[in-house]
Amino acid sequence: TSVTQGADNNKVVVEFNDNVDLETATNEDNYTVDGAVVESAVATGDTANVITLTLKVDSNTFTGIRNVTVKNVKKLNGTTAMDTQTMVSASLNENVAPTVVSAVLVSTTEVKLTFSEAVQNGAKADFVLLVGGEEVATKVTTGTIADNTVVLTLGKAVSTDDLTKDLAIKAATTLDITDLLDNKLSVPTSITIAQ
């Protein structure tokens, strides 16, 4: 009866007009979302008429309505699969995570980050400094984000000796930076800081 955005941009909720056979309804191969990849289909109880699809991260590249096809699903205790049905979803948000494009040391106490798109939040301790591959206790403060850039302030200036080693940052466990649609920033194990 409906296809809507789920709890986050990786979730899509499919609602049926009656309880469905969970063996067929939780088979991800029975769902197609145009422009995205369906990884799983899950019900919330033993009997259900609502199935939550999980989309593969970064597979839904634009925000808007989609054609969604549902096939081979049976009614609870039914023997015949439903006719294949294609319907138009409500608007679904893209789920492509922003990334860090570059990290540049602009002074001994500041690192400028550039992101792949406009981002928001950043109110927490989002990054940790690595010197020569080792985490250092220096506090890293996230400044005000301006569109797709932010300047990180280091609590202690990097020394001349530090500058001879590889400098990098990694995400802190408190990272809260997202794009404007709340897709969380994707950060690799570490990002080298250009000097």
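As a reminder, the structure under discussion sits directly above these lines.
Predicted, not measured: the structure shown is a model, and the values here were computed from it. (Residues numbered from 1 in each chain as written. Predicted model: local features only at pLDDT ≥ 70, side-chain atom pairs only at ≥ 80, totals over all residues. Heavy atoms only, no water.)

Notes on the overall build of the chain
Part 1 of the argument: When helices and strands are tallied, the chain shows two helices and 17 strands.
Part 2 of the argument: Principal-axis analysis of the C-alpha atoms places the extent of the chain at approximately 75 × 30 × 20 Å.
Part 3 of the argument: Residues classed as buried in the chain amount to 38% of the 195 residues present.
Part 4 of the argument: Within the chain, residue pairs in contact and separated by at least 24 positions form 62% of the contacts whose partners lie at least 6 positions apart. (Helix = DSSP H or I, 4+ residues; strand = E, 2+ residues; numbered from the N terminus. Buried < 20%, exposed > 50% of the residue type's maximum accessible area, 1.4 Å probe, protein only. Contact = heavy atoms within 4.5 Å.)

Side note on the side chain of Asn-183
Part 1 of the argument: Mapped onto the secondary structure, Asn-183 falls in the loop between β16 (178-179) and β17 (191-192).
Part 2 of the argument: When its relative accessible area of 6% is taken as the criterion, Asn-183 is described as buried.
Part 3 of the argument: Side-chain polar atoms of Asn-183 contact the side chain of Asn-9, separated by 3.1 Å. (Polar contact = N/O pair within 3.5 Å; in protein donor to acceptor, adjacent residues only side chain to side chain.)

Description of the sheet that holds β17
Part 1 of the argument: Spatial strand order, β12-β11-β15-β17: four strands in an open sheet with antiparallel pairing. The outermost strands of the open sheet, each flanked by one partner alone, are β12 (134-135) and β17.
Part 2 of the argument: As judged from the two bridges shared by strand β15 (residues 167-171) and β17, these two strands associate in the antiparallel manner. Note on β17: the bridge partner recorded for Ala-168 is Thr-192. (Pairing = 2+ DSSP bridges.)

Describing the packing of aromatic side chains
Part 1 of the argument: In the structure shown here, the tally under the stated rule is zero aromatic pairs.
Part 2 of the argument: The side chain of Arg-66 reaches across the aromatic face of Phe-62, ending 3.6 Å from its centre. (Phe/Tyr/Trp six-rings, centres within 6.5 Å; stacked < 30°, edge-to-face > 60°. Lys NZ or Arg CZ within 6 Å of the ring centre and 35° of its normal.)

Digging into the nonpolar core
Part 1 of the argument: Counting 24 residues, the largest nonpolar core has Leu-113 and Phe-127 as its most contacted members.
Part 2 of the argument: Taken together, the elements giving at least two residues each to this core come down to β8 (100-107), β9 (110-115), β11 (127-131), β14 (149-154) and β15.
Part 3 of the argument: Excluding its chain neighbours within four sequence positions, the residues that come into contact with Leu-113 are Val-100, Ser-102, Ala-103, Phe-127, Asn-148, Thr-149, Val-150, Leu-152 and Ile-169. (Core = buried A, V, L, I, M, F, W, Y, C linked by side-chain atoms within 4.5 Å.)

As for a nonpolar patch on the surface
Part 1 of the argument: A contiguous nonpolar patch, built from Val-104, Val-106 and Val-151 and spanning about 190 Å² of accessible area, is present on the exposed surface.
Part 2 of the argument: Take Val-104: it is sitting in strand β8. (Patch = residues over 30% accessible without salt bridge, like charges linked within 9 Å, V, L, I, M, F, W, Y side chains within 5 Å. Areas by Shrake-Rupley, 256 points an atom, 1.4 Å probe, with all protein chains shown as cover. Salt bridge = Lys/Arg side-chain N within 4 Å of Asp/Glu carboxyl O.)

Some points on the pairing of strand β6 (residues 67-70)
Part 1 of the argument: One ladder, built from three bridges, connects strand β3 (residues 31-33) with β6; its direction is antiparallel. For Thr-32, the partnering residue across the bridge sits in β6 and is Thr-69.

What to know about the pattern of salt bridges
Part 1 of the argument: Scanning the model with the defined rule gives three salt bridges in all.
Part 2 of the argument: Residue Glu-135 pairs with Lys-170 through a salt bridge whose shortest N-O separation is 3.2 Å. Residue Glu-135 is found in strand β12, and its partner Lys-170 is found in strand β15; the two are separated by 35 residues along the sequence.
Part 3 of the argument: For Lys-170, a relative accessible area of 27% puts it in the partly exposed group.
Part 4 of the argument: A salt bridge links Asp-161 to Lys-165; the shortest N-O distance between them is 3.3 Å.
Part 5 of the argument: Exposure remark for Asp-161: the relative accessible area of 46% places this residue in the partly exposed category.
Part 6 of the argument: The class of Lys-165 is partly exposed, set by a relative accessible area of 36%.

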